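Read off the chains here:
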Amino acid sequence: MSETEGNGAAAQQPQVRMQILGQYIRDMSFENILVQKGASGEVTPDVTVQVALDARKRPADHQYEIITKFTVSSKNKADQSQLFLMELDYAGLFHIENVPEDQLHPFLLIECPRMLFPYVRRIVSDVTRDGGFPALNLEPVDFVALYRQEIARRAADIQKQETPSGTA
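Residues numbered from 1 in each chain as written. Predicted model: local features only at pLDDT ≥ 70, side-chain atom pairs only at ≥ 80, totals over all residues. Heavy atoms only, no water.

Here we take up helix α4 (residues 143–162). Relative to the 28 Å expected for 20 residues at 1.5 Å per residue, α4 spans 29 Å between its end C-alpha atoms, a close match to the ideal helical length. The opening residue of α4 is Asp-142, an N-cap whose side-chain oxygen sits 3.2 Å from the backbone nitrogen of Val-144. (Helix = DSSP H or I, 4+ residues; strand = E, 2+ residues; numbered from the N terminus. Expected span 1.5 Å × (residues − 1). Polar contact = N/O pair within 3.5 Å; in protein donor to acceptor, adjacent residues only side chain to side chain.)

Compared with the 44 Å implied by 1.5 Å per residue over 30 residues, the 43 Å span of helix α3 (residues 101–130) between its first and last C-alpha is a close match. The largest bend along α3 reaches roughly 45° and is located at Phe-107. (Bend = angle between axes of the 7 residues up to and from the residue.)

Of note in the backbone geometry, His-62 takes a positive phi value of approximately 65° without being a glycine. Within the secondary structure, His-62 is located in the loop between β2 (45–57) and β3 (63–76). Residue His-62 is classed as partly exposed on the basis of its relative accessible area, which comes to 37%. The phi dihedral of Asn-98 falls on the positive side, at around 65°, and the residue is not glycine. By secondary structure assignment, the location of Asn-98 is in the loop between β4 (82–97) and α3. Judged by relative accessible area, which is 37%, Asn-98 ranks as partly exposed. (Buried < 20%, exposed > 50% of the residue type's maximum accessible area, 1.4 Å probe, protein only.)

Nonpolar side chains in soluble globular proteins generally cluster together in the buried interior. Core analysis: the biggest nonpolar cluster contains 29 residues, and Ile-96, Val-124 and Leu-138 have the highest contact counts within it. At the level of secondary structure, the elements contributing two or more residues to this core comprise β3, β4, α3 and α4. Filtering out sequence-adjacent residues up to four positions away, Leu-138 remains in contact with Val-49, Phe-70, Val-72, Phe-117, Val-120, Arg-121 and Val-124. (Core = buried A, V, L, I, M, F, W, Y, C linked by side-chain atoms within 4.5 Å. Contact = heavy atoms within 4.5 Å.)

In this section: the pattern of salt bridges. Tallied over the full model, the rule gives 11 salt bridges. A salt bridge links Arg-17 to Glu-97, with the shortest nitrogen-to-oxygen separation between them at 2.8 Å. Placement of Arg-17 in strand β1 (residues 17–32) and of Glu-97 in strand β4 is noted, with a sequence separation of 80 residues between them. You can call Glu-97 partly exposed: its relative accessible area is 22%. Between Arg-129 and Asp-126 there is a salt bridge; the shortest N-O distance is 3.3 Å. You can see Arg-129 and its partner Asp-126 sitting in helix α3, 3 residues apart, about one turn around the helix. Within the structure, one salt-bridge network assembled from shared partners comprises Arg-26, Asp-54, Arg-56 and Glu-65. (Salt bridge = Lys/Arg side-chain N within 4 Å of Asp/Glu carboxyl O.)

The next point concerns the pairing of β2. Where β2 lies against β3, 13 bridges are found, and the strand directions are antiparallel. By the bridge assignment, Pro-45 is partnered in β3 with Asn-76. The antiparallel hairpin formed by β2 and β3 contains 5 residues in its connecting segment, where His-62 sits at a positive phi of about 65°. (Pairing = 2+ DSSP bridges.)

Right, let's get into the packing of aromatic side chains. All chains considered together, the criterion is met by 5 aromatic pairs. Each ring, one from Phe-117 and one from Phe-143, has its centre 6.3 Å from the other, and the planes form 70°; the classification is edge-to-face. On the criterion of sequence distance, the pair formed by Phe-117 in helix α3 and Phe-143 in helix α4 is long-range, its members being 26 residues apart. Phe-143 matches Phe-117 in its accessibility class, with the two residues each being buried. Following the ring pairs from residue to residue traces out a cluster consisting of Phe-30, Phe-84 and Phe-133. The ring of Tyr-64 carries the charged tip of Lys-57 above its face, separated from the ring centre by 5.1 Å. (Phe/Tyr/Trp six-rings, centres within 6.5 Å; stacked < 30°, edge-to-face > 60°. Lys NZ or Arg CZ within 6 Å of the ring centre and 35° of its normal.)

This is the structure:
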């Protein structure tokens, strides 16, 4: 082997390896409030979706559990009465290697949820349809923006804690 090949191989980073070992519903609830209370008059749904993410290191080497938490709420635009509420915690178990330590946190909270999202979307669609509503197809989630918002929120929380009360 020539020196160039040796130097080139030494400078090359090992390839990132990501494998989904499993995925599952951790928790799910669907409340069809419209049927429970009864509907009267015109119903025009207004749907809101909230997303939260969590990542946990597993005891096994290179394994992480990623949890996506979706809260889907539908209210009647006319009187703001609740139509349905769905809460879904969907998780994936990932084996991840060769991601630099400084890039691991964003990788876990951006790339892994992207892999899980199509399954979450399908579950929400099926459950809302089976619950007596039109199937709700979630819009794609911008996990990069969600990650940046969370980092900014944490930075603001730290700044609040470091600022002595009574000073402006």
